[in-house]
Amino acid sequence: MERILALDVGDARIGVAVSDPLGVIAQPVGLVTRVGWGPDIAKITEFADQYGTRSLLCGLPLNMDGFAGGQAEKVRAFAAQLEKKGFTVTFWDERMTTVTAERALIEGGVHRADRKRLVDKTAAAIILQAYLDANTTKA
């Protein structure tokens, strides 16, 4: 099975997580500081090459009512640029994942300064784990 690279795309940073080779467990692996589409896509391509995948899962920030707003449209536009580079992009509802990630880090005793650099990749791992759990074939 091909690994999946998950992205939590924000205006300032992109959190990155990857699945294990069996598609069971998500692991946070990095952070991309947003510079512009070209450099951002180049950095994501480096992560994809490192893990041997062209499959991306982008968190889609839907409003609480389930409808796509402005931020979701930004993510879709960024994903369209990734597709032009040969990536296969799937979207997954990411509502409340940053809040969940922040709470998990607080409960884990992570200091405030460290949480800022960890929250986005932790959110990407939460998005990916939810996707993996929902798409795991039960025996």
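One can find the structure itself at the top, above this paragraph.
This is a predicted model, so every value here is computed, not measured.

Criteria and thresholds
Residues numbered from 1 in each chain as written. Predicted model: local features only at pLDDT ≥ 70, side-chain atom pairs only at ≥ 80, totals over all residues. Heavy atoms only, no water. Helix = DSSP H or I, 4+ residues; strand = E, 2+ residues; numbered from the N terminus. Expected span 1.5 Å × (residues − 1). Bend = angle between axes of the 7 residues up to and from the residue. Pairing = 2+ DSSP bridges. Axes fitted to C-alpha atoms, helices over the stretch in contact; angles between N-to-C directions. Buried < 20%, exposed > 50% of the residue type's maximum accessible area, 1.4 Å probe, protein only. Salt bridge = Lys/Arg side-chain N within 4 Å of Asp/Glu carboxyl O.

Caption draft 1: Seen up close, helix α4 (residues 112–135). Its 24 residues place the ends of α4 34 Å apart at the C-alpha level, agreeing with the 34 Å of an ideal helix rising 1.5 Å per residue. In the structure, α4 departs most strongly from a straight axis at leucine 118, where the bend amounts to approximately 45°.

Caption draft 2: Seen up close, the sheet that holds strand β4 (residues 55–60). Spatial strand order, β3-β2-β1-β4-β5: 5 strands in an open sheet with mixed pairing. Across the chains shown, the open sheet's two edge strands, defined by having one partner strand only, are β3 (26–33) and β5 (88–93). Taking the axes of each pair of neighbouring strands and ignoring which way they run, one obtains an average angle of 25° across the sheet. Pairing geometry for strand β2 (residues 13–19) and β3, over 7 bridges, is antiparallel. Paired with glycine 15 across the bridge in β3 is leucine 31.

Caption draft 3: Highlighting the environment of leucine 31. Its location among the elements puts leucine 31 in strand β3. Judged by relative accessible area, leucine 31 falls into the partly exposed class, the value being 26%. Put simply, leucine 31 and glycine 109 are 78 residues apart on the chain and 21 Å apart in space, counted from C-alpha to C-alpha.

Caption draft 4: Just the pattern of salt bridges, in detail. On inspection of all chains with the given rule, the structure shows 5 salt bridges. The partner of aspartate 120 in a salt bridge is arginine 13, with the nearest N and O atoms 2.6 Å apart. Here arginine 13 lies in strand β2 and aspartate 120 lies in helix α4, a separation of 107 residues in the sequence. Judged by relative accessible area, which is 10%, aspartate 120 ranks as buried.

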